[in-house]
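Take a look at the letters that make up each chain.
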Amino acid sequence: QRRVYMREVILDGNLMKTIKSAHTMFSEALSFSERYRNNMDSLFDELLNIGSDVSVRIINYSAMHKNLGEYAEIYRSIFEDVSKLNPKLSVTFED
């Protein structure tokens, strides 16, 4: 019988105080490549290229939104859009 393992990554919106800190969290938690450039296009590309099953939970989204404003909404859109394109990625947002 084959076992399937999925890695779960929990990102805390309380800790995303700046755009730079958000990108650093994404990069470190999801083991992005050295090509990652801390911008929206690069985030999209790295998420699209995730090759092993991973579940991303972003908790305290309201705090993330308070800290980052419209950028939190853009990040959310990117994660949700890519999760529809990459079956290896699932994402949830929680307050």
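Residues numbered from 1 in each chain as written. Predicted model: local features only at pLDDT ≥ 70, side-chain atom pairs only at ≥ 80, totals over all residues. Heavy atoms only, no water.

### Things to note about the overall build of the protein chain
Counting its secondary structure elements, the protein chain contains four helices and three strands. Each helix and strand of the protein chain, placed in order from N terminus to C terminus, yields the pattern β-α-α-β-α-α-β. For 95 residues, the compact-globule formula gives about 12 Å, and the C-alpha radius of gyration of the protein chain, at 13 Å, lands near that figure. Seen along its three principal axes, the alpha-carbon backbone of the protein chain occupies a region of about 45 × 30 × 20 Å. Relative to its full complement of 95 residues, the protein chain shows a buried share of 38%. Considering only contacts in the protein chain between residues 6 or more positions apart, those separated by 24 or more positions represent 65%. Surface summary for the protein chain: the accessible area is close to 5,900 Å², and the carbon and sulfur share equals 47%. In the protein chain, which carries 12 positive and 14 negative side-chain charges, the distance between the mean positions of the two groups comes to 5 Å. (Helix = DSSP H or I, 4+ residues; strand = E, 2+ residues; numbered from the N terminus. Rg over C-alpha atoms; globule rule 2.2 N^0.38 Å. Buried < 20%, exposed > 50% of the residue type's maximum accessible area, 1.4 Å probe, protein only. Contact = heavy atoms within 4.5 Å. Areas by Shrake-Rupley, 256 points an atom, 1.4 Å probe, with all protein chains shown as cover. Lys, Arg positive; Asp, Glu negative; His and termini not counted. Charge placed at Lys NZ, Arg CZ, Asp CG, Glu CD.)

### Some words on the nonpolar core
Counting 26 residues, the largest nonpolar core has Phe-26, Leu-43, Leu-47, Val-56, Met-64 and Phe-79 as its most contacted members. Within the residue set of this core, elements represented by two or more residues are strand 1 (7–12), helix 1 (19–29), helix 2 (40–48), strand 2 (54–59), helix 3 (61–68), helix 4 (70–85) and strand 3 (89–93). With five residues, helix 4 is the single largest residue contributor to this core. If we ignore the near neighbours within four places in the chain, the residues touching Met-64 are Gly-13, Met-16, Phe-26, Ile-58, Gly-69, Ala-72 and Tyr-75. (Core = buried A, V, L, I, M, F, W, Y, C linked by side-chain atoms within 4.5 Å.)

### Observations regarding the packing of aromatic side chains
As enumerated under the stated definition, the model contains four aromatic pairs in all. Seen from their ring centres, Phe-26 and Tyr-75 are 5.2 Å apart, and the 75° between their planes marks the pair as edge-to-face. Placement of the pair is Phe-26 in helix 1 and Tyr-75 in helix 4, with a sequence separation of 49 residues. Judged on exposure class, the residue Phe-26 and its partner Tyr-75 are both buried. An aromatic cluster of three or more residues is present, and its members are Phe-26, Tyr-75 and Phe-79. Over the face of the ring belonging to Tyr-61 we find Arg-76, whose NZ or CZ atom lies 4.8 Å from the ring centre. (Phe/Tyr/Trp six-rings, centres within 6.5 Å; stacked < 30°, edge-to-face > 60°. Lys NZ or Arg CZ within 6 Å of the ring centre and 35° of its normal.)

### Considerations on a nonpolar patch on the surface
Residues Ile-19, Tyr-71 and Ile-74 make up a contiguous nonpolar surface patch of about 220 Å² in total accessible area. With a relative accessible area of 33%, Ile-74 lands in the partly exposed category. (Patch = residues over 30% accessible without salt bridge, like charges linked within 9 Å, V, L, I, M, F, W, Y side chains within 5 Å. Salt bridge = Lys/Arg side-chain N within 4 Å of Asp/Glu carboxyl O.)

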